[in-house]
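# Structural description and commentary
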Amino acid sequence: QEAEHVSMETGSKRCGHTSKLGKKAFARLQLDSSSSDSDELSPSDEDDADGTDLPACTPLAAFLSFKQEAEQRRTSQHHLETAAKITDSPLVAVMSHLLTFLEQYSHFQQLQQQADQYRVQLKRHRVQHRRQMKALRASYRQRLKDKKSIITSLEEAFSQQQTQSPQSEVESLYGLQSERSRLRGELRLLHSQLEQKDKDRYSRIQAFQQQIDELKGCIEEREEELSRLRTASGATDSEKRVLCLTAENESLKQSLSVTQGLLQQLSTIPSQSSNMIMKENENLRSRVQQLEMSLQQRAEQLSNLERHSEASEWRRGEELRKREDRVRELQLELDRERAKDPVVKYVTQTVEVESPATLKHLNKVRQKNEVLSEKLGHQNERCKQLEEQIRKSDEYSCNLQHKQIAAYEREISSLREQLLREIGHLEERKEEAVKAAASCSAEHFQNLQDQFFGLQKRLTSLPPTLRSMKTDYASLRSQVRNFSDFYGSAINEAKKQISAAITEMSEANKDLLEKYRKEVALRRKYHEQLVELKNIRVLCRVKPVLKEDQHEEGQSVVVTPDPNNESSLTILNKGKDRIFELDKVFQPQATQEEFQEIEPLVTSCIDGYHVCIFAYGQTGSGKTYTMEGSVENPGINKRALKQLFNVIEDRKDMWSYSVTVSSVEIYNEVLDLLSKDGEKLDIKINPDGTGQLHVPGLRVIEVRNFQHIKKILATARRNRVTFGTQMNQHSSRSHALLCVTVEGIDLATGSKTTKLNLVDLAGSERVWKSGAEGERLKEAQNINRSLLALGDVIQALRARQTHIPFRNSRLTYLLQDSLGKGSKTVMVVQVSALESNLGETLCSLKFAQRVCKVELGPAARKIE
Ligand SMILES: Nc1ncnc2c1ncn2[C@@H]1O[C@H](COP(=O)(O)OP(=O)(O)OP(=O)(O)O)[C@@H](O)[C@H]1O
């Protein structure tokens with residue numbers, strides 16, 4: 001409860017802090033934007049803004065603050081989840097969830113209000129943006145108009161230039177220069193405007209930077225607090241606070257990074273636009289410079305032309321003047337000569353008549369006159385030529401002027417076209433930039449709007465859930481309030497009850513244990529009495545299913561030992577379960593070590609009882625495995641003899657024992673397994689008068705120790721007849737009988753002799769199944785006959801007949817001592833678990849049950 005209380009407190013504190021932060025951000029942003037925003041609202045926008053007392057701020061700031069709130073809400077939920085994990089109680093976890101939702105509810109309410117305000121602000125901002133865009137477009141249009149007017153004025157200037165004289169051209173050049181200076185002034189103005197814009201942008205960036213610094217300060221504060229709380233040891237509240245603060249710091253960092261990202265975006269957008277404007281201005285400047293240069297060139301050309309025309313005019317004037325002077329001179333001379341004419345005529349007439357000297361003079365004058373007239377003709381011709389030259393030069397200068405003007409015109413028109421293209425291009429680029437900026441801002445607003453709508457939807461869907469959870473929470477809270485008391489008292493009560501029950505139980509257990517011990521002792525006593533009376537025990541071992549046994553695929557297991565009752569086994573026959581009760585059933589997975597049942601029998605053997613252990617069962621069911629075993633897993637034979645030597649060792653102070661061993665094989669005939677000559681033997685009654693059976697010629701070896709007997713067993717095993725059948729690859733085709741005779745001399749009283757027969761019978765088999773033919777068939781028939789005789793003996797013993805047919809077979813004849821009255825016998829019936837062997841398994845188990853019912857009577861010590 002305390003944990004939840006603390007988390008609630010921290011949550012509310014966090015809320016307060018966040019709202020403070022939000023307000024701070026709003027105030028700051030208001031400083032940036034209110035001056036330009038507040039006076040541009042349309043009436044409809046003002047209507048929208050009615051009822052909200054929050055200052056106007058940019059949607060970006062609103063969005064950031066909103067995001068921050070959402071992050072904090074998420075982290076607070078995470079803290080409560082962590083708290084629930086710590087307290088490790090489902091009820092407290094539910095409580096914490098409810099608390100989270102309550103906290104969220106209050107957050108959502110605040111957020112809803114903020115969302116409304118943000119929407120209004122968004123609208124305002126959109127209107128403002130539209131206006132800004134409109135103004136921008138208008139300013140661009142105005143500037144375009146200005147440029148067009150400049151071009152038209154230039155055109156007019158050029159057209160005037162065409163009509164004007166060189167003097168007027170010079171004047172228009174002056175006009176153009178003044179136009180150029182005016183344009184320069186305009187450019188300067190634009191530049192200053194741009195600088196102003198840059199300054200504004202810089203101040204806005206500064207404001208954002210300040211905001212970021214503040215956020216960083218907040219984070220540092222939180223981190224300090226966090227480290228302070230971390231140093232405080234082991235307080236759960238502090239840990240929670242630490243977790244809360246860590247999460248807050250994370251969210252603050254996130255919002256900081258978001259703000260920085262947006263700041264970068266903001267800083268890049270204006271710089272892009274300013275870059276564009278700068279570029280444009282640069283282009284315009286270079287264009288103006290080009291124009292100026294071309295104007296200057298044209299002015300220079302015009303002045304050159306002027307100078308050239310002036311010079312040619314002057315030359316022409318000079319030439320004309322000279323010619324006029326010369327014509328005048330010649331005219332005067334001509335006039336003078338004409339004026340002299342009557343005197344000469346008279347003289348001539350006089351000369352012709354009167355004097356050869358006069359005639360000579362006359363000829364001279366005439367010649368002179370001819371020369372002069374010739375000179376005059378030349379002069380006239382020269383005058384004509386000069387006139388022609390003047391006319392040509394006039395024509396040339398006129399052509400030159402026209403051509404140059406046409407070239408200028410062409411140049412001007414091409415320049416004008418180029419300028420128009422440039423302007424068109426610039427206009428297009430401007431339009432594109434404006435469109436891109438508009439689409440970008442529209443997209444941005446669309447995104448923001450989508451986000452707001454999404455959040456709004458979420459907010460609208462949450463309140464009903466929150467309401468229901470709130471009611472649940474209230475009821476649970478009241479329950480939880482009383483829960484700790486109730487829980488404590490219930491636990492105390494339960495503890496008391498449990499301790500009482502434990503004491504009661506322990507007392508009852510003591511009684512039960514006592515009773516159980518008594519029961520166990522009684523059971524053991526009765527069992528021993530029963531064994532004493534019955535003296536034949538039947539053990540069953542189920543062979544595990546080996547790979548080589550599965551000749552057919554999909555064979556099912558039909559033999560199942562009862563896991564709860566170690567003397568019962570179930571056979572599934574034709575869909576029905578048949579239960580067999582025996583003295584003990586060993587599971588398929590039973591190991592060789594589990595055959596401790598034989599240990600007391602070995603001790604009985606030393607104590608003077610005749611003991612017989614024999615294995616019976618279908619061929620390949622594991623008889624030899626159980627009796628002999630392998631080198632790694634020795635069977636009953638080795639274990640029994642080891643036990644025998646152990647007991648002898650224990651009793652060596654009071655008893656002196658000698659152990660002899662013989663081994664026979666009943667394979668059609670009786671054969672000695674310990675001699676190599678393979679001589680056939682016969683069973684006879686001992687002529688010593690004890691009435692016991694013996695086999696004359698049988699090799700009997702005295703055994704010194706256990707190691708010695710291991711070698712003897714190996715020899716017997718080697719000499720045994722085995723062949724492969726379909727049922728067993730190493731089928732023992734004979735009954736093997738290991739006969740151990742123990743002669744014990746009581747060092748105090750006298751001596752006694754006992755026998756331990758360990759018998760591995762040949763397997764009962766169905767001839768058709770084992771595939772026996774010829775010699776094997778004969779063997780099988782012999783085996784089956786001797787086993788039949790064993791069955792008859794068992795039947796007779798069970799029926800307590802006076803005549804027991806021991807002599808019907810060599811096997812029963814040899815086992816007469818061990819199966820007869822007063823002996824202790826253990827039969828290990830081996831069965832296969834597979835369905836294919838069900839028939840043999842049933843036969844073996846039926847035989848085992850018959851043996852179970854046999855009573856050999858109380859065992860008798862054979863003491864001499
Ligand atoms: N409990 C067991 N665990 C592992 N292998 C076993 C087990 N019982 C029998 N086998 C294996 O099954 C095979 C047949 O066993 P075994 O020769 O002992 O049968 P058998 O009853 O003596 O047959 P037969 O009567 O034909 O001589 C052997 O290879 C043996 O190792």
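Located above this text is the structure these notes cover.
These numbers were taken from a predicted model, which means no experiment stands behind them.

On to the overall build of the protein, then. Of the regular secondary structure elements, the protein holds 17 helices and 17 strands. Put simply, the protein has 864 residues, and 40% of those count as buried. Looking at the protein alone, contacts between residues at least 24 apart form 75% of all its contacts between residues at least 6 apart. About 50000 Å² of surface is accessible on the protein, with carbon and sulfur atoms providing 52% of the total.

This paragraph deals with the pattern of salt bridges. Side chains that differ in sign of charge can pair as their charged atoms come close. Considering all chains together, one arrives at 13 salt bridges under this definition. The partner of Arg 321 in a salt bridge is Glu 318, and the shortest N-O contact between them spans 1.6 Å. Taken together, the residues Arg 321 and Glu 318, both in helix α6 (residues 236-339) and three residues apart, mark about one turn of the helix. With a closest N to O distance of 2.7 Å, Asp 607 and Arg 651 form a salt bridge. With a gap of 44 residues between them, Asp 607 in helix α9 (residues 598-607) and Arg 651 in the loop between α11 (636-650) and β7 (655-667) connect regions that are remote in the sequence. Taking the relative accessible area as the measure of exposure, Asp 607 reaches 22% and is therefore partly exposed.

Another point: the pairing of strand β6 (residues 611-617). On a regular strand, each side chain points to the face opposite its neighbour's, so the side chains alternate between the two faces of the sheet. Counted residue by residue, β6 has seven buried out of seven residues, so it is predominantly covered. Pairing geometry for β6 and strand β17 (residues 824-832), over seven bridges, is parallel. Looking at β17, one finds that Cys 612 is bridged to Thr 825.

Turning next to a negative patch on the surface. On the surface, Glu 504, Glu 507, Asp 511 and Glu 514 cluster together into a negatively charged patch. Within the fold, Asp 511 resides in helix α8 (residues 356-534).

Another point: the side chain of Arg 541. Along the chain, Arg 541 turns up in strand β1 (residues 536-543). Look at Arg 541: it is buried, it has no salt bridge, and the nearest opposite charge is Glu 594 at 7.6 Å. Of the polar contacts made by the side chain of Arg 541, one reaches the backbone oxygen of Ala 590; its length is 3.1 Å.

In terms of residue burial, β1 counts as a mostly covered element, since eight of its eight residues are buried. Side chains Ile 536, Val 538, Cys 540 and Val 542 project from β1 onto one buried face, and the interleaved Arg 537, Leu 539, Arg 541 and Lys 543 project onto a second face that is buried too.

Turning our eyes to something else, we now look at α11. Under the 1.5 Å per step criterion, the end-to-end length of α11 is 21 Å for 15 residues, consistent within 8% with the ideal 21 Å. Among all positions in α11, only Ile 636, Asn 637, Lys 638, Ala 640, Leu 641, Gln 643, Leu 644, Phe 645, Val 647 and Ile 648 are buried.

Attention shifts here to the packing of aromatic side chains. By the definition in use, this model includes three aromatic pairs. Here Phe 586 and Phe 595 contribute two aromatic rings whose centre-to-centre distance is 4.3 Å and whose plane-to-plane angle is 25°, an arrangement assigned as stacked. The buried category is assigned to Phe 586, whose relative accessible area is 3%. In this structure Phe 595 comes out as buried when scored by relative accessible area, which is 3%. One Lys or Arg, Lys 824, reaches over the ring of Tyr 609 and ends 4.4 Å from the middle of that ring.

Our focus in this paragraph is the sheet that holds strand β4 (residues 576-581). Overall, antiparallel pairing links the three strands, which are arranged β2-β3-β4 in an open sheet. Whereas interior strands pair on both sides, the edge strands pair on one side only; in this sheet they are β2 (559-561) and β4. Taken pair by pair, the neighbouring strands of this sheet meet at an average axis angle of 25°, ignoring direction. The pairing of β2 with strand β3 (residues 568-573) spans three bridges and is antiparallel. What sits directly across from Pro 561, in β3, is Leu 569. Of the strands in this sheet, β2, β3 and β4 touch helix α17 (residues 838-852), which is tilted by about 35° from β4.

Let us look at a nonpolar patch on the surface. Taken together, the side chains of Phe 483, Phe 486 and Tyr 487 define a hydrophobic patch exposed on the protein surface, amounting to about 330 Å² of accessible area. The exposure class assigned to Phe 483 is partly exposed, which follows from its relative accessible area of 32%.

All right, on to a positive patch on the surface then. Together, Arg 137, Arg 141, Lys 145 and Lys 148 make up a positively charged patch on the protein surface. Taking relative accessible area as the criterion, Arg 141 reaches 53% and is therefore assigned exposed.

Bringing the packing of α11 against helix α12 (residues 706-719) into the picture now. At a minimum axis separation of 10 Å, α11 and α12 run at an interaxial angle of 155°. By the angle between their axes, α11 is roughly antiparallel relative to α12. Along this stretch, α11 crosses α12, giving a crossing that reads as right-handed. Contact with α11, carried on its side by Lys 638, Leu 641, Lys 642 and Phe 645, involves Phe 706, Ile 709, Lys 710 and Leu 713 of α12 and no other residues of that element. For the contact of α11 with α12, the class distribution of residues is five nonpolar, no polar and three charged.

Structurally, Cys 540 is set in strand β1. Note: C-alpha distance between Cys 540 and Val 828 (288 residues apart in sequence) is 5.5 Å. Leaving out residues up to four positions away in the same chain, Cys 540 has contacts with Leu 569, Leu 582, Lys 584, Val 585, Phe 586, Val 829, Val 831 and Leu 845.

Before going further, it helps to examine the packing of α9 against α11. Contact geometry for α9 and α11: axes closest at 9 Å, N-to-C directions at 50°. Relative to α11, the element α9 lies oblique. Judged by the sense of rotation from one axis to the other, the crossing of α9 with α11 is right-handed. Contact residues: Ile 598, Glu 599, Val 602, Thr 603, Cys 605 and Ile 606 in α9; Ile 636, Arg 639, Ala 640, Gln 643, Leu 644, Val 647 and Ile 648 in α11.

Thresholds applied
- Residues numbered from 1 in each chain as written.
- Predicted model: local features only at pLDDT ≥ 70, side-chain atom pairs only at ≥ 80, totals over all residues.
- Heavy atoms only, no water.
- Helix = DSSP H or I, 4+ residues; strand = E, 2+ residues; numbered from the N terminus.
- Buried < 20%, exposed > 50% of the residue type's maximum accessible area, 1.4 Å probe, protein only.
- Contact = heavy atoms within 4.5 Å.
- Areas by Shrake-Rupley, 256 points an atom, 1.4 Å probe, with all protein chains shown as cover.
- Salt bridge = Lys/Arg side-chain N within 4 Å of Asp/Glu carboxyl O.
- Pairing = 2+ DSSP bridges.
- Patch = residues over 30% accessible without salt bridge, like charges linked within 9 Å, V, L, I, M, F, W, Y side chains within 5 Å.
- Lys, Arg positive; Asp, Glu negative; His and termini not counted.
- Charge placed at Lys NZ, Arg CZ, Asp CG, Glu CD.
- Polar contact = N/O pair within 3.5 Å; in protein donor to acceptor, adjacent residues only side chain to side chain.
- Expected span 1.5 Å × (residues − 1).
- Phe/Tyr/Trp six-rings, centres within 6.5 Å; stacked < 30°, edge-to-face > 60°.
- Lys NZ or Arg CZ within 6 Å of the ring centre and 35° of its normal.
- Axes fitted to C-alpha atoms, helices over the stretch in contact; angles between N-to-C directions.
- Parallel < 35°, antiparallel > 145°, perpendicular 65-115°, else oblique.
- Left-handed = near helix turned anticlockwise from the far one by under 90°.
- Nonpolar A, V, L, I, M, F, W, Y, C, P; charged D, E, K, R; others polar.

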